[in-house]
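These are the residues of each chain, in order.
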Amino acid sequence: MSESNRRTFLKSVGGTGVALTVAGCLGGGGDGDGSTTTGTTGDGTTGDTTTTEDVTTITPGTASGFPPFEFVNESGDLVGFDIDLLSAVVEQTDGYELGSWEDLEFNQLIVALQNDNIDVVAAAMTINEERDQTIDFTDPYYDANQAVLVREGGSFQPESTDDLADHPVGAQSGTTGKDQMDALVEEGTISSSQANTYENYVLAVQDLANGNIDAVIVDTPVAETFVANRDVVISFTIETGEQYGFGVRENDDELQSALNEGLQAVQDNGTYAELTEEWFASE
Ligand code: GLN
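Residues numbered from 1 in each chain as written. Predicted model: local features only at pLDDT ≥ 70, side-chain atom pairs only at ≥ 80, totals over all residues. Heavy atoms only, no water.

Draft legend 1. Representation of the overall build of the chain. Within the chain, the regular secondary structure consists of 10 helices and 14 strands. Taking all 283 residues of the chain together, 45% fall into the buried category. (Helix = DSSP H or I, 4+ residues; strand = E, 2+ residues; numbered from the N terminus. Buried < 20%, exposed > 50% of the residue type's maximum accessible area, 1.4 Å probe, protein only.)

In structure tokens, the structure reads:
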């Protein structure tokens, strides 16, 4: 908890690139892809086991452009809270190790999971009924609502969804923010031609800053990150009570339980708190 501990920790987790490199190198170490092995180690209590036998390499998938959960930094590396969290969680499991990340579009992640192109989704994905019908989720690991972003210092400062009437709005394809935008169209607050869909939220916020649209609907923690880095502000929020989970294939119960246990372990050992401090600190 001391300052120096935190610094040491930040140094170690700051090396996400290192973790990725290591994971990449281990790619050939598994004995045959898809051979799921039954974990036989009796105690999962010490983090010091170095056994590399019978380890299944899983391919994680994400969709960058969603800071601070997953984005490409100035050096071109895929980084973020989800990247570090999933790595820490998988490290806590006995039978799994992470392979290289696949960076896809958000609305392709579920299909990629179903097609076995990836084995786990770590993309700030909200657990909801519709998705739960096709994939499974781990226990929730982060809470969010929706925020409405507008230009900083602009004359348009809506206070409710009604105030968005007849203004061009934007959201990322396939998201819960897009669901909110669709609802505005359904209720007739905006026309369908005023509902703009983007491949990712970085592009949506760029269009907002450029004046092409007047508002972006996006998850609150991501909105706060854009506020810190762009000339935009949160005008108001919509309480949606969302929770993010890691996604796995429906029949992948073993992986699902392993990830749930790993999540519990990183919450218990302080890693989760350290990661939130690193990626969500207000300054
Ligand atoms: N949480 C939102 C959703 O699940 C947005 C996720 C994202 O854009 N990565 O739809």
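Draft legend 2. Molecular detail of the packing of helix α3 (residues 81-91) against helix α9 (residues 253-268). At a closest axis distance of 8 Å, the pairing of α3 and α9 adopts a crossing angle of 105°. Taken together, the axes of α3 and α9 are roughly perpendicular relative to one another. Of the residues in α9, those in contact with Leu85, Leu86, Ala88, Val89 and Val90 of α3 are Leu259, Gly262, Leu263 and Val266. By residue class, the composition of the contact of α3 with α9 is 8 nonpolar, 1 polar and no charged. (Axes fitted to C-alpha atoms, helices over the stretch in contact; angles between N-to-C directions. Parallel < 35°, antiparallel > 145°, perpendicular 65-115°, else oblique. Contact = heavy atoms within 4.5 Å. Nonpolar A, V, L, I, M, F, W, Y, C, P; charged D, E, K, R; others polar.)

Draft legend 3. Representation of the site of the ligand within the structure. All residues adjacent to the ligand are Phe66, Phe106, Ala123, Ala124, Met125, Thr126, Arg131, Gln172, Thr175, Thr176, Asp219 and Tyr244. Contact distances for the ligand include 3.0 Å between a nitrogen atom and a backbone N or O atom of Ala123. Between Arg131 and the ligand, the recorded distance is 2.8 Å, taken from a side-chain N or O atom to an oxygen atom. Notes on the ligand: free accessible area 300 Å², of which the protein chains cover 100%. Class assignment of the residues belonging to the shell around the ligand gives a composition of 6 nonpolar, 4 polar and 2 charged. (Near = heavy atom within 4 Å. Polar contact = N/O pair within 3.5 Å; in protein donor to acceptor, adjacent residues only side chain to side chain. Areas by Shrake-Rupley, 256 points an atom, 1.4 Å probe, with all protein chains shown as cover.)

Draft legend 4. Focus on a negative patch on the surface. Taken together, Glu159, Asp162, Asp163, Glu186 and Glu187 make up a surface patch of like negative charges. In this fold, Asp163 is placed in the loop between β9 (142-151) and β10 (169-172). With a relative accessible area of 36%, Asp163 lands in the partly exposed category. (Patch = residues over 30% accessible without salt bridge, like charges linked within 9 Å, V, L, I, M, F, W, Y side chains within 5 Å. Salt bridge = Lys/Arg side-chain N within 4 Å of Asp/Glu carboxyl O. Lys, Arg positive; Asp, Glu negative; His and termini not counted. Charge placed at Lys NZ, Arg CZ, Asp CG, Glu CD.)

Draft legend 5. Fine view of empty space enclosed by the protein. Applying the stated criterion across every chain yields a total of 1 cavity of 30 Å³ or more. Taken as a whole, the largest cavity holds about 60 Å³ of empty space. If you trace the largest cavity, you find it lined by Phe66, Phe106, Ala124, Thr126, Arg131, Gln172, Thr175, Thr176 and Asp219. For the lining of the largest cavity, the class distribution of residues is 3 nonpolar, 4 polar and 2 charged. (1 Å grid on protein atoms, 1.4 Å probe; cavity = no way out; pocket = protein on both sides within 12 Å on 5 of 7 lines; lining within 4 Å. Points joined across faces, edges and corners; volume = space filled by probe spheres on them.)

Draft legend 6. Focus on the sheet that holds strand β12 (residues 215-219). Ordered by their spatial adjacency, 5 strands build an open sheet running β11-β10-β12-β9-β13, and the pairing between neighbours is mixed. Strands with a single pairing partner mark the edges of an open sheet, and in this sheet they are β11 (195-198) and β13 (232-244). Strand-to-strand twist across the sheet, computed as the mean angle between neighbouring axes with direction ignored, equals 25°. In this structure, β10 lies alongside β12, joined through 2 bridges in parallel fashion. The residue of β12 that forms the bridge with Val169 is Ala215. Along the sheet, helix α7 (residues 201-209) makes contact with β9, β10, β11, β12 and β13, crossing β12 at roughly 150°. (Pairing = 2+ DSSP bridges.)

Draft legend 7. Representation of the pairing of β11 within the structure. Sheet topology places β10 next to β11; 4 bridges connect them, and they run parallel. In the strand pairing of β11, Gln172 is matched with Tyr198. For the handedness criterion, the β-α-β arrangement of β10, helix α6 (residues 176-186) and β11 is classed as right-handed. (Right-handed = clockwise from strand over helix to strand, strands pointing away.)

Draft legend 8. Local environment of the confidence of the model for the chain. Put simply, the chain has an average pLDDT of 86, and 81% of its residues get 70 or more. Long-range and interchain partners of residues 1-51, a stretch whose pLDDT sits below 50, account for 30 contacts in this model, where long-range means more than four residues apart. (pLDDT = per-residue confidence, 0-100.)

Draft legend 9. Up close: the environment of Gly65. The topology assignment puts Gly65 in the loop between β2 (60-62) and β3 (71-72). For the pair Gly65 and Asn200, spaced 135 residues apart in sequence, the C-alpha to C-alpha distance is 5.8 Å. When sequence neighbours within four positions are dropped, the list of residues in contact with Gly65 reads Glu70, Phe71, Gln172, Asn200, Tyr201 and Val202.

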